[in-house]
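Survey of secondary and tertiary structure
Chain by chain, the residues run as shown.
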Amino acid sequence: MVKNLIMKYCTFNKRYLKMLRVGLYILFCCITTICYSQRDSLKLGDRYAEDQIYASVSYAQFYNQPSQISKSDFSFSLSTGFIKDIILNNRGNFSLALGVGYGLDSFNHKLKIAEVNNAIVFSADNTITNNLLQLHNIEIPFQIRWRTSTAQKYNFWRIYTGVKLLYNLSNTFKYLDANDTSFLLKNIPNYNKIQYGLTFSAGYDEFNINVFYGVSPILNNAFINNEPINTRILKFGLIFFLL
């Protein structure tokens with residue numbers, strides 16, 4: 001009896017494996033046919049999209065600083081995300097794009113920020129060192145896109161310009177005073193959590209120059225000796241488009 005059960009089990013497994021092979025073969029043939037059909041339709045001039053993962057690395061600086069604050073030292077910015085193409089013409093070389101991503105900014109700056117009697121105070125102090133601001137942002141880029149690509153041409157020139165909206169997840173100010181005492185402030189109420197700026201990128205294939213010009217100030221209701229602090233962010237570097 002046991003022998004018969006084993007033989008039936010083996011026979012069932014063989015039939016199951018044979019059916020599985022046939023099913024996988026049919027699925028493979030269907031996928032191949034669909035892929036070739038799509039490629040043939042693209043060759044006939046159908047529209048195509050440049051949905052892409054992007055990654056950028058940039059040199060960053062503050063501009064429009066208060067008169068008492070000198071230029072920032074070396075600072076950098078990293079970002080990555082996904083952006084969706086919205087085709088506007090049959091050729092597919094002109095489109096809009098909307099995406100979402102994450103950005104990290106690290107600024108080595110000269111503005112001293114301290115908490116005095118539960119209030120945030122801004123000042124210039126040349127005795128402090130390692131004065132860093134670290135930002136974590138959600139990015140929402142919107143672009144107008146022009147390129148020389150076709151459905152079969154993957155290496156092409158591009159010019160993308162638009163607006164990027166930033167939502168700040170966290171901001172951290174830290175520095176060392178003249179006695180090497182460490183100070184740290186996180187998520188100060190004066191930081192402008194929603195910002196935006198103009199973007200421009202241009203280049204060939206995956207390698208492109210990239211510029212972000214901040215329009216909104218990074219701080220609200222901030223003054224240094226009665227002078228408003230209207231500091232904004234400027235970035236320029238490289239952006240890579242993948243897929």
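Let us look at the structure shown here. (Residues numbered from 1 in each chain as written. Predicted model: local features only at pLDDT ≥ 70, side-chain atom pairs only at ≥ 80, totals over all residues. Heavy atoms only, no water.)

**What about empty space enclosed by the protein?**
The tally for this structure, following the rule as stated, stands at three cavities of 30 Å³ or more. Approximately 170 Å³ is the volume attributed to the largest cavity. Along the walls of the largest cavity sit 19 residues, with S56, K164, T199, N210 and I239 positioned nearest its centre. Taken together, the elements giving at least two residues each to the lining of the largest cavity come down to β1 (52-63), β2 (76-87), β6 (129-147), β9 (194-204), β10 (207-214) and β13 (232-242). Across the lining of the largest cavity, the residue classes tally to eight nonpolar, eight polar and three charged. Here the second largest cavity defines a volume of roughly 70 Å³. Here the lining of the second largest cavity is built from residues that sort into seven nonpolar, three polar and one charged. (1 Å grid on protein atoms, 1.4 Å probe; cavity = no way out; pocket = protein on both sides within 12 Å on 5 of 7 lines; lining within 4 Å. Points joined across faces, edges and corners; volume = space filled by probe spheres on them. Helix = DSSP H or I, 4+ residues; strand = E, 2+ residues; numbered from the N terminus. Nonpolar A, V, L, I, M, F, W, Y, C, P; charged D, E, K, R; others polar.)

**A word on the nonpolar core**
By size, the foremost hydrophobic cluster in this structure holds 21 residues, and its most contacted members are L111 and L219. Those elements that place two or more of their residues in this core are β1, β4 (111-116), β6 and β7 (157-176). L111 has contacts with I69, F122, S123, N131, L219, I224 and I229, leaving out every residue within four places of it along the chain. The next biggest cluster of nonpolar side chains, apart from the first, holds seven residues, and it includes Y54, A97, F156 and I239. (Core = buried A, V, L, I, M, F, W, Y, C linked by side-chain atoms within 4.5 Å. Buried < 20%, exposed > 50% of the residue type's maximum accessible area, 1.4 Å probe, protein only. Contact = heavy atoms within 4.5 Å.)

**Thoughts on the side chain of E139**
Following the sequence through the fold, E139 ends up in strand β6. Reaching out from E139, the side chain makes a polar contact with the side chain of K164 at a distance of 3.4 Å. Once you skip the residues sitting within four places of it in the chain, E139 turns out to touch Y54, S79, G99, V100, G101, Y102, G103, K164, L165 and L166. (Polar contact = N/O pair within 3.5 Å; in protein donor to acceptor, adjacent residues only side chain to side chain.)

**Quick word on the packing of aromatic side chains**
Applying the stated criterion to the full structure yields eight aromatic pairs. Between Y175 and F183, the aromatic rings sit 5.3 Å apart at their centres with planes inclined by 15 degrees, giving stacked as the arrangement. For Y175, a relative accessible area of 6% translates into the label buried. Assessed through its relative accessible area of 34%, F183 is described here as partly exposed. Between the aromatic rings of F207 and F240, the centroid separation amounts to 5.4 Å while the plane-to-plane angle is 85 degrees, which identifies the pairing as edge-to-face. (Phe/Tyr/Trp six-rings, centres within 6.5 Å; stacked < 30°, edge-to-face > 60°.)

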